[in-house]
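# Structural characterization, general
What follows is each chain in one-letter form.
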Amino acid sequence: MKLEFDGLTMSFDGKPVIDNLSFEAQMNTLAVIGPSGGGKSTLLRLIGGLLMPTAGEIRLNGIPIPKTSAGLLAYRREIGFVFQQKGLFSHLSARENIILPLVAVHGWTQTEAARRADELLERFGLAEHGDKRPAALSGGQQQRAAIARAVAPRPKLLLLDEPTSALDPEYTVEVLDVVNELKDAGIDFIIVTHEMGFARHACEKTAFFANAQLEEFGDSETLFQSPRTAGLQRFLGRLLEWSV
């Protein structure tokens, strides 16, 4: 995918969270890292068309994100979203959570949607849990079901906003393994994450976002091995201070 920002600005109550950002790069998998509150999730929502920028433009594969209601609706149908937690419909089973959007939003038949749901539940190790509602699933199982729902319509881009932030370490590994499988299957994704090992080893590119700016971007291994900016050096140094 080719991602371009042209003078991108997003302000809340007059305070810029993203400030006149211009950027262009070709990639397949991107990790966005940086301090909490630095605008990473806002950036992801702008790319997904869930927020409209205060100024500037985003282009995906050379095509600007639409600004009309009808255009945005069509655009969002081509994007898969996975959020931090509580993304599933609580009154539906895991299987029904996958089927419903396929039928109601994407126009699939019930038979096609059911077949796709069963395929993904099997693929993500949830076949025996398909009839359970979210409350009966572990945190890792819930997020795997949420990822299955997001990739079910075969989106052109998957956006993941800190999908492991509320999970215990065991469940975090479960979810990251699934995301890594998606990479191996050729699915383009952008993930906002605090899991530095995953960003470094599983994502082609990494972007360090802080102070309303994209402060550093590059090949993941190079960026982690030899950070150029003082901000990224400080950020990684603090994370590594207590590592074992």
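A few points on the structure. Here the residue index of a chain counts from 1 through its sequence in written order. Local features in this predicted model are restricted to residues of pLDDT 70 or higher, and side-chain atom pairs are both shown and tallied only at a pLDDT of 80 or more, whereas totals for entire chains, interfaces and linings draw on every residue. Water and hydrogen atoms were dropped before computing side-chain values, which therefore reflect all heavy atoms in the structure.

### Quick look at helix α6 (residues 169-184)
Residues that lie three or four places apart on an α-helix share one face, since the helix turns once every 3.6 residues. Here a helix means four or more residues in a row that DSSP labels H or I, a strand means two or more in a row labelled E, and each is numbered from the N terminus. Expected span of a helix, by definition, is 1.5 Å for each gap between consecutive residues, and there is one gap fewer than residues. Taking 1.5 Å as the rise per residue, α6 with 16 residues should run 22 Å; its terminal C-alpha atoms sit 23 Å apart, in good agreement. Inspection of α6 places Thr172, Val175, Leu176, Val178, Val179 and Leu182 among the buried residues, and these make up the whole buried set. Seen from one end, α6 has its buried residues packed into an arc of 155°, which puts them on one side. Residues of α6 that are exposed and angled more than 90 degrees away from the buried face: Pro169, Glu170 and Asp184. In this structure, the buried residues of α6 make contact with α4 (110-123), α5 (139-151), β7 (157-161), β8 (189-192) and α7 (196-202). At the exit of α6 stands Gly186, carrying a positive phi of roughly 85°. Between buried and exposed lies partly exposed: a residue is buried under 20% and exposed over 50% of the maximum accessible area for its type, with that area taken using a 1.4 Å probe on protein chains only. Each C-beta atom gives one direction from the helix axis, and the arc is the one those directions make. Residue contacts are defined here by distance: any two heavy atoms, one from each residue, within 4.5 Å place the two residues in contact.

### What about the sheet that holds strand β10 (residues 213-219)?
A pair of strands is labelled paired if DSSP reports no fewer than 2 bridges between them. The six strands lie next to each other as β6-β7-β8-β3-β9-β10, forming an open sheet whose pairing is mixed. Of all strands in the sheet, those with a lone pairing partner are β6 (79-82) and β10, marking the two edges. Each strand axis lies, on average, 15° off the axis of its neighbour in the sheet, ignoring direction. Bridging between strand β9 (residues 205-210) and β10 involves six bridges; their strand directions are antiparallel. Among the inter-strand pairings, Ala210 is bridged to a residue of β10, identified as Gln213. Contacts from helix α1 (residues 40-47) reach β3 (29-33), β7, β8 and β9 within the one sheet, and its direction differs from that of β7 by about 155°. Each of β6 and β7 touches α5; the most contacted strand, β6, lies at about 170° to it. Lines fitted to C-alpha atoms define the axes, with helix axes restricted to the stretch in contact, and inter-axis angles between N-to-C directions lie between 0 and 180 degrees.

### Side note on the layout of surface pockets
Here the term cavity refers to a set of points on a 1 Å grid, laid over the protein atoms alone, in which a 1.4 Å probe fits but cannot get out; the term pocket refers to an open set having protein on both sides within 12 Å along at least five of seven lines, with lining residues being those that place an atom within 4 Å of a point. Grid points are joined across faces, edges and corners, and a volume is the space filled by probe spheres set on the points. Approximately 520 Å³ is the volume found for the largest pocket. Counting residues per element, the ones that place at least two in the lining of the largest pocket are α2 (69-76), β6, α3 (94-104) and α5. When grouped by side-chain class, the residues that make up the lining of the largest pocket number 15 nonpolar, five polar and three charged. Approximately 250 Å³ is the volume attributed to the second largest pocket. Every residue along the wall of the second largest pocket is listed here: Pro35, Gly38, Phe208, Ala210, Asn211, Ala212, Glu215, Gly231, Arg234, Phe235, Arg238 and Leu239. Within the residue set of the lining of the second largest pocket, elements represented by two or more residues are β9 and α9 (230-240). Just so you know the grouping, Ala, Val, Leu, Ile, Met, Phe, Trp, Tyr, Cys and Pro go in nonpolar, Asp, Glu, Lys and Arg go in charged, and all remaining residues, Gly too, go in polar.

### Comments concerning the sheet that holds strand β1 (residues 2-12)
Here four strands make up an open sheet; going across it, the order is β2-β1-β4-β5 and the pairing antiparallel. The strands lining the two open edges of the sheet, one partner per strand, are β2 (15-26) and β5 (63-64). Here β1 pairs with β2 via eight bridges, running antiparallel. Directly across from Phe12, in β2, lies its bridge partner Lys15. Across the face of the sheet, α1 comes into contact with β1, β2 and β4 (55-60) while running at roughly 120° to β1.

### Points about the pairing of β8
Of the two faces of β8, the one lined by Phe189 and Ile191 and the one lined by Ile190 and Val192 are each fully buried. Pairing of β3 with β8, which is carried by four bridges, proceeds in the parallel orientation. Considered in β8, the bridge of Ala31 is made with Ile191. Bridging between β7 and β8 involves four bridges; their strand directions are parallel. Looking at β8, one finds that Leu158 is bridged to Phe189. With strands facing away from the observer, any crossover in which the path from the first strand over the helix to the second runs clockwise is taken as right-handed. After leaving β7, the chain enters α6 and then returns to the sheet as β8, a path that is right-handed.

### Considerations on the nonpolar core
Here, the term nonpolar core denotes a set of buried Ala, Val, Leu, Ile, Met, Phe, Trp, Tyr and Cys residues that are joined through side-chain atoms within 4.5 Å. Counting residues in hydrophobic clusters, the biggest one holds 45 residues, and the most contacted among them are Ile33, Phe124, Ile147, Leu158, Leu160, Phe189 and Phe198. Those residues within four positions of Ile33 in sequence are excluded, and the remaining contacts are Lys40, Thr193, Met196, Ala199, Thr206, Ala207, Phe208, Phe209, Phe224, Leu232 and Phe235. The next biggest cluster of nonpolar side chains, apart from the first, holds 29 residues, and it includes Leu3, Leu21, Ile65 and Ile190.

### Observations regarding the packing of α3 against α5
Direction vectors running N to C along α3 and α5 enclose 20°, while the axes themselves pass 9 Å from each other. Judged by the inter-axis angle, α3 sits roughly parallel to α5. Crossing geometry of α3 relative to α5 is assigned as right-handed. On α5, the residues that touch Ala94, Asn97, Ile98 and Pro101 of α3 are Ala145, Ala148 and Arg149. Grouping the constituent residues of the contact of α3 with α5 by class yields five nonpolar, one polar and one charged. Put simply, angles under 35 degrees are roughly parallel, angles over 145 are roughly antiparallel, angles from 65 to 115 are roughly perpendicular, and the rest are oblique. Should the near helix be turned anticlockwise from the far one by less than a right angle, the crossing is left-handed, and should it be turned clockwise, the crossing is right-handed.

Spatial relationships are all this shows, so hold off on functional conclusions.
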